[in-house]
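Okay, here's what each chain looks like letter by letter:
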Amino acid sequence: MAETVLPLATIQPPQSYGRRVVKRFLKHRPAVAGLTFLVLLGVLIIVGPYFSPYSFDGQDFNLIGSPGPMSAEHWLGTDELGRDAMTRLIYGGRVSLAVGLAGAIIATFAGTLVGALSGFYRGWTDAILMRLTDVMLSIPTLPLVLLLSGLFRPSPPLLVAIVGLLIWMGTARLVRSQFLALREREFVEAARALGAGGARLMFRHILPNAIGPITVSATLAVGSAIMLESALSFLGFGIQPPVPTWGNLLNSASSWLSVAPWLAIPPGLLILCTVLAVNFLGDGLRDAMEPKE
Amino acid sequence: MSLGYVLRRLLSAIPLLLGISVILFAIIHLAPGGPLDMYTENPAVSKEALEQIAAAYGLDQPVPVQYFLWLKSMLIGDWGYSIRTGRPVLTEIVGRLGPTLELGGLSLLISLLIAIPLGIISASRRGSKLDSTLTLASFAGISIPVFWLALLLQLFFSVELGWLPSAGYKSIGGGGFADRLSHIVMPAAVLSLATVASWSRFIRSGMIDVLNQDYIRTAYAKGRSERGVVIMHALRNAMIPAVTVIAVDFATVISGAVITETVFAWPGIGRLFMESMDGRDYPMLMGLMMMGSLGIIIANIVADLTYASLDPRIRYG
């Protein structure tokens, strides 16, 4: 359709929701900075390994024994097995971010499902699901992950699932409260009168109206998942070497702390910057999608 | 707040604890392998001896039977015996609780002493440069990985400057106040950072809500100084929403203790947990996890009750 040119005197039509969200988001400077950082990081970890002359587990046998210093060949030095620290850092970023994203997706799906069922059906469904949520919230998270990971020795995909299934509770409570409020609204009543069933009402009619808070909590879940996996790997119970993650890089660097501090600083700095960027992004999205006017 | 509410709140913890114990017991006992794995490859341990050990710990029974036996003895205060050391679980835990409470208590104190003033300053200078700097700093505070912060502190204060011992509870042969203080400073600082960051935010937003209320204007109109209004009138009410967060953050402190105690070789229950993981010490792990969960539940109940008693508008039927 051709664009209609409005006469100047006409009152501008209200901007679409999406456009207002983008506009408000762009005003939130830390969030824009966070997003920029994440995009750059994404490019670096996807493209980076192709430009590195080293592979993540390739060893230089002349350098085995103790960590090597930063040099023109090895920008961030080498570890005690003669592997290039920068290559491992970038490759570790792939693993850490993938775990973070996948864990957050699982947590968001699980949390949304539990919250939706709870808030929509209320009654017994709600009582049972919310008691389950309470139980999960009452067990200290990190020790529980350590327990599961230490006893079951899971493969990386299973580990991601475990991480995701331990951080869904916040999302569930949030989605539940959204659903409890939204289910009473007229548009839901109208859809029900037109004969829409439970699943259709929940996911077609109510869910889209709760997408703002869900997006925010999904974003923040990425940060939690990255942090949890890093802590796990740092303690030696996460993804196992030779596959690097930021957490297990710090684990091996910690034994060489006094000799080779340059190995311990970059992985932690990247965890900090990434989680910070994610938290800023979440904050910006919250301001943009749920304005408190 | 009625006595009935307090009782009901306490009773609600029972099904919660039962649910937690079922989940934890299932996880621990359904995992492949077991605590006796370390003996099976030892030729000096005969099959009969192995069966004897299994029978002694009840490991030869079906898991549901084991659970009910565990539950029965747990209820009369017998938490079983550590497979690693052979001593009662409860004795071991209580023995290690001291250093953890010392560390946790100190970092809680530090957190409150720093977070409250920061929150107040941020709220009363809302929108200023200082406020936005503190906001950014608190984001960094919750985003920093504690284990990395611990390594950085060790690197700076122990390796580079040599001011503080890098790990441990006290020096060998030492144990005086100054010696113990020098050991606890870094772990306590690490444990406090995240809580300072998040609590100062909650106190800030609580303060902002309260400072906009009419009774604050009345207090100013009566001629009270800003300091007087903020401290005597606003702070008490501003703290109410923060109380819940502070109690719930108890969980973070417990989780954080596992990392902090490992990095700083602090002989508390967090380290005990890691040691028990190595030995697959089932009764010990079960006891520690139950202890941690109980801590979180109690913290939540305390938060609810404090909330109700601080805010007279809240009436639970």
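Source: prediction; values computed, not measured.

Chemist: A description of the confidence of the model for chain A should follow, citing residues and the corresponding values.
Modeler: Interpreting fine coordinate detail is not advised for predicted regions of low pLDDT. Summarising the model, chain A shows a mean pLDDT of 86, and 93% of its residues fall at 70 or more. Within chain A, helix α7 (residues 169-182) of chain A carries the highest mean pLDDT (92), whereas helix α1 (residues 17-27) of chain A carries the lowest (85).

Chemist: I'd love a proper account of the interface of chain B and chain A, names of residues and values included.
Modeler: Facing the 33 residues of chain B at the interface are 33 residues of chain A. Looking at the side of chain B that touches chain A, the elements with two or more residues in it are α2 (13-30), α7 (129-143), α8 (146-160), α12 (250-263), α13 (269-278) and α14 (282-310) of chain B. Partitioning the side of chain B that touches chain A into residue classes produces 26 nonpolar, 7 polar and no charged.

Chemist: Lay out the environment of Ala247 of chain B in plain terms, naming residues and giving numbers.
Modeler: All names here are of chain B. Among the structural elements, Ala247 can be located in helix α11 (residues 226-248). Along the primary structure Ala247 and Ile298 are separated by 51 residues, whereas in three dimensions their C-alpha atoms are 9.0 Å apart. Residues within four places of Ala247 in sequence aside, it is in contact with Ala299, Asn300, Val302 and Ala303.

Chemist: Can you tell me about the packing of α7 of chain B against helix α9 (residues 177-211) of chain B, naming the residues and giving the values?
Modeler: Residues and elements named next belong to chain B. Between α7 and α9, the shortest axis-to-axis distance is 8 Å and the interhelical angle comes to 140°. The pairing of α7 with α9 is recorded here as oblique in orientation. Between α7 and α9 lies a crossing whose hand is left-handed. Of α9, the residues touching α7 (which contributes Ser138, Gly141 and Ile142) are Leu193, Ala194, Val196, Ala197, Ser198, Ser200 and Arg201. Residues belonging to the contact of α7 with α9 are distributed by class as follows: 5 nonpolar, 4 polar and 1 charged.

Chemist: Give a description of unusual backbone geometry that names residues and reports values.
Modeler: Phi is mostly negative for residues that are not glycine, and the peptide bonds are mostly trans. At Arg122 of chain A, a position not held by glycine, the phi torsion is positive, near 50°. With respect to the helices, strands and loops of the structure, Arg122 of chain A is situated in the loop between α3 (85-121) and α4 (123-138). Classification of Arg122 of chain A as partly exposed rests on a count of 14 C-beta atoms within 10 Å. Of note in this structure, Ala265 of chain B is not a glycine but carries a positive phi near 45°. Tracing the backbone shows Ala265 of chain B in the loop between α12 and α13.

What counts, and where the lines are drawn
- Residues numbered from 1 in each chain as written.
- Chains lettered and ligands numbered in written order.
- Predicted model: local features only at pLDDT ≥ 70, side-chain atom pairs only at ≥ 80, totals over all residues.
- pLDDT = per-residue confidence, 0-100.
- Helix = DSSP H or I, 4+ residues; strand = E, 2+ residues; numbered from the N terminus.
- Contact = placed C-beta atoms within 7 Å.
- Nonpolar A, V, L, I, M, F, W, Y, C, P; charged D, E, K, R; others polar.
- Axes fitted to C-alpha atoms, helices over the stretch in contact; angles between N-to-C directions.
- Parallel < 35°, antiparallel > 145°, perpendicular 65-115°, else oblique.
- Left-handed = near helix turned anticlockwise from the far one by under 90°.
- Buried ≥ 20, exposed ≤ 12 C-beta atoms within 10 Å, placed from the backbone.

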